[in-house]
Amino acid sequence: MKTLKEADPEIYNIIQREKQRQMNGLELIPSENLVSEAVLEAMGSILTNKYSEGYPGKRYYGGNAIIDQAETLAIERAKQLFGCEHVNVQPLSGSPANMAVFFALLNPSDTFMGLDLSCGGHLTHGSPVSFSGKLFKCIPYFVDKETELLDYDAIKKAAIKEKPKMILSGLTAYPRKIDFKAFGEIAEEVEAYHFADIAHIAGLVAADMHQSPVPYCDVVTTTTHKTLRGPRGAIIMSLTEDRYHDKYHSDATKNLAQLIDFNVFPGIQGGPHDHTNAAKAVAFKEALQPQFKEYSKQIVKNASVLADSLMGHGFRLVTNGTDNHLMLVDLTNKNISGKEAEVVLDEIGIIVNKNTIPYDPRKPFDPSGIRLGTPLLTTRGMKESEMKSIGDFIAKAIEHRQDKNILENIHNDVLALCKRFVFYK
Ligand code: DSN
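Within each chain, residue numbers correspond to sequence positions counted from 1 in written order. Local features in this predicted model are restricted to residues of pLDDT 70 or higher, and side-chain atom pairs are both shown and tallied only at a pLDDT of 80 or more, whereas totals for entire chains, interfaces and linings draw on every residue. As a rule here, side-chain values cover all heavy atoms of the structure and leave hydrogens and water aside.

Draft legend 1. Focus on the layout of surface pockets. Here a cavity is any set of points on a 1 Å grid over the protein atoms alone where a 1.4 Å probe fits but cannot get out, and a pocket is any open set with protein on both sides within 12 Å along at least 5 of 7 lines; a residue lines the site when it has an atom within 4 Å of a point. Grid points are joined across faces, edges and corners, and a volume is the space filled by probe spheres set on the points. A volume near 1500 Å³ is recorded for the largest pocket. The set of elements that each furnish at least two residues to the lining of the largest pocket consists of α2 (9–23), α3 (37–43), α5 (94–105) and β14 (353–355). The secondary structure listing takes helices from DSSP runs of H or I that are at least 4 residues long and strands from runs of E that are at least 2 residues long, numbered from the N terminus. At six residues, α2 tops the list of elements feeding residues into the lining of the largest pocket. The residue inventory of the lining of the largest pocket, partitioned by class, reads 16 nonpolar, 19 polar and 15 charged. Here the second largest pocket is characterised by a volume of approximately 240 Å³. Contributing to the lining of the second largest pocket are 13 residues, with Y55, K58, Q258, D261 and F262 lying nearest its centre. With six residues, the single largest contributor to the lining of the second largest pocket is helix α11 (residues 256–268). In the lining of the second largest pocket, the residues fall into six nonpolar, four polar and three charged. Asp, Glu, Lys and Arg are counted as charged, while Ala, Val, Leu, Ile, Met, Phe, Trp, Tyr, Cys and Pro are counted as nonpolar; the rest, among them Gly, fall into the polar class.

Draft legend 2. Layout of unusual backbone geometry. Note that the residue after F265, namely P266, is joined by a cis bond; omega there is 10 degrees. Along the chain, P266 turns up in helix α11. In the Ramachandran plot, E148 falls in the positive-phi region, its phi being about 60 degrees despite a non-glycine side chain. With respect to the helices, strands and loops of the structure, E148 is situated in the loop between β6 (137–141) and α7 (152–162). Here E148 falls in the buried class, since its relative accessible area comes to 9%. In this model, Y359 sits at a positive phi of 60 degrees, which is unusual for a non-glycine residue. Each residue gets one of three labels from its accessible area relative to the maximum for its type: buried under 20%, exposed over 50%, partly exposed in between, using a 1.4 Å probe on protein chains only.

Draft legend 3. Spatial organisation of the site of the ligand. Any residue with a heavy atom positioned within 4 Å of a molecule or strand is treated as near that molecule or strand. Every residue close to the ligand is listed here: S31, H122, T172, H200, K226 and R371. Any N or O atom pair separated by 3.5 Å or less is treated as a polar contact, with the protein-specific requirement of one donor-capable and one acceptor-capable atom, and with residues adjacent in sequence counted only for side-chain atom pairs. H200 is positioned such that a nitrogen or oxygen atom in its side chain is 2.6 Å from an oxygen atom of the ligand. The contact in question runs from an oxygen atom of the ligand to an N or O atom on the side chain of R371, over 2.8 Å. If over half the atoms of a molecule are within 2 Å of the grid points of a cavity or pocket, the molecule is regarded as sitting in it. Judged by the fraction of its atoms near the pocket grid, the ligand is located in the largest pocket.

Draft legend 4. Broad picture of the packing of aromatic side chains. By convention, a stacked pair of Phe, Tyr or Trp rings (six-membered ring in the case of Trp) has centres within 6.5 Å and planes under 30 degrees apart, an edge-to-face pair has planes over 60 apart, and any other such pair is tilted. A complete count under the given rule lists 15 aromatic pairs for this structure. Here Y244 and Y248 contribute two aromatic rings whose centre-to-centre distance is 6.2 Å and whose plane-to-plane angle is 75 degrees, an arrangement assigned as edge-to-face. According to the relative accessible area criterion, Y244 is buried, its value standing at 10%. Here, over-ring charges are defined by two tests on the NZ atom of lysine or the CZ atom of arginine: distance to the ring centre within 6 Å, and angle to the ring normal within 35 degrees. Here R229 stacks its cationic end above the ring of Y295, 3.8 Å away from the centre of that ring. The ring of F315 carries the charged tip of K334 above its face, separated from the ring centre by 4.5 Å.

Draft legend 5. Quick look at the packing of helix α14 (residues 338–347) against helix α16 (residues 384–399). Running from N to C, α14 and α16 point in directions that differ by 115 degrees, and their axes come no closer than 10 Å. Between α14 and α16, the interaxial angle falls into the category roughly perpendicular. In the crossing of α14 with α16, the sense of the turn from one axis to the other is right-handed. On α16, the residues that touch A341, V344 and L345 of α14 are I394, A397 and I398. A class-by-class count of the residues in the contact of α14 with α16 yields six nonpolar, no polar and no charged. Axis definition: a line fit to C-alpha positions, over the contact stretch in the case of helices; interaxial angles, taken between N-to-C directions, run 0 to 180 degrees. Angles below 35 degrees are treated as roughly parallel, those above 145 as roughly antiparallel, those between 65 and 115 as roughly perpendicular, and all remaining angles as oblique. Should the near helix be turned counterclockwise from the far one by less than a right angle, the crossing is left-handed, whereas a clockwise turn marks it as right-handed. Throughout, a contact is declared for two residues whenever any of their heavy atoms are within 4.5 Å.

Draft legend 6. Spatial organisation of the pairing of strand β7 (residues 166–170). Most of β7 sits out of view: five of its five residues are buried. A two-sided burial pattern is seen for β7, the buried positions comprising M166, L168 and G170 on one face and I167 and S169 on the other. Pairing between strand β5 (residues 111–115) and β7: two bridges, direction parallel. In the strand pairing of β7, M113 is matched with I167. For two strands to be treated as a pair, DSSP must find no fewer than two bridges joining them. Two elements, β7 and strand β8 (residues 193–197), share five bridges in a ladder whose sense is parallel. Its bridge partner being in β8, I167 is matched across the sheet by H194.

Draft legend 7. Structural context of the pattern of salt bridges. Within this document, salt bridges are pairs made up of a side-chain nitrogen of Lys or Arg and a carboxyl oxygen of Asp or Glu, the two lying within 4 Å of each other. Across all of its chains, the model carries 21 salt bridges by this definition. Its salt-bridge partner being R59, residue D68 comes within 2.7 Å of it at the nearest N-O pair. Its relative accessible area of 16% is what places R59 among the buried residues. Several salt bridges converge on common partners, so that one network encompasses E18, R21 and E27.

Printed below as a string of C-alpha cells:
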C-alpha cells in the first residue's frame, strides 16, 4: 500500500492498526472471516470505476463488454457451487438481497412467517424495526422453550392456520442444523413460497456440510462474506419459473427469475459494484476447490471442540452444543451478562458478541448470552487443540474477571497463540 501510505497516511495508519488488531486477537464472531489476497486484489481493482446498471448483455451504459464477462463468471460459478437454476450476484449485502426477495414475492401487508430475532432469526426475518416487519405482516415462529430447537410440527400448525404467502427459513444465531426439506414440505402444503436465508451457513452448504436448501426452495439468499469467505455482499438464487405464479402473480408477465432481477435492479439498487462482484467470482472459485471442503469440515469440528471445552468449564450452551459453526453461551449461571462478558473478553483480545438467548429475560443491548463461532480462526489454521485452549482462556477470564494480573497473563497467552497463526503478513 505504498501509494496510499504517501497519499493518505491517516487512513493508511488506520488500516495498519486494524490489521494488527485482527492478527493480535481471536475473532470469534461467527459472521466474520478473513478473505484471501486474491479476493482483496479484485475488490481493490479498477473495476470500481465502471457503471453497469442492468445485467450482462442488457446494460443501460456503454463499455460493459468486459464487465459482462466478470459478472457472468460470478453467476456461472455460483450456479456450479450451489446447483441452482438462476443467480443474481448484484445485491450489495444481505439485507438488500432479502428486501429484493420480499418485494419480488409479496405485496405490502402480505403475511409471511420468519424465525423470531430473539430465537436466532435476523432483523430482516420480520423484526418490527426492519422493513420486513414494517411493510409486511410477520407471524413469527419460535424455538421450543424446553429443547430450544425448531419445532417443525408447531411451525406447520401455525402455517396451516395463518396461510402465509411466504415462509422464511434461516438463522443468525441458531446452533443446530436446519431441516430445509421439512420447511419446503410445510410451504408446499400451504402453497407458500419457501425462501431460505443461508447467510451464516452458505460455506457449509457449498461444502456439503449442511443440507442444501436449494432443492426445497423457491428463493435462497446468502451473504458472501461469512462462511463463504468472499467479499462483503450477497447473492440471490432462485428457480426460473414461478411455482405459484397463477395464484399470486396472475397479472405479472415475469417469471420468478425475472421478478428477482427486476426487484434488485431497478427495484432497490442502481449500479452494481463490479469490483465486489468480480471478488465474489474469485471467492466462488476458491470455494469450488477441494480444500474448501476440508476448511468447512474443520470449522464444524472446531466449533464442536470449543463447545465441549466451554461446557466442560460449566457453561450452559443453548441446545447443549452445536452442529454448525456457531454456539450461544447462556451466562446466567456465571452471574455475568453478555455485555459485561463481551467487554472482559475484549480486554484480553478475545472478540465475541453479546447475544440474546431464546426467551431471554434481559434486554437485547444487555442480554444473557454471547455468540461465538469458528470460521475466522479456522481460516487462520487453528484446529482442535487451539479451540480447547481458547475455551480455557474464556473460562479463566470470566472466572477471574476482577483480577488484573490473571487477565494480563491470559492476554499474553492469547497474543502468543495469535503469533503462531498470522494470516496477513
Ligand atoms: N450481522 C450478521 C451477523 O452477525 O449474524 C447477520 O447479518
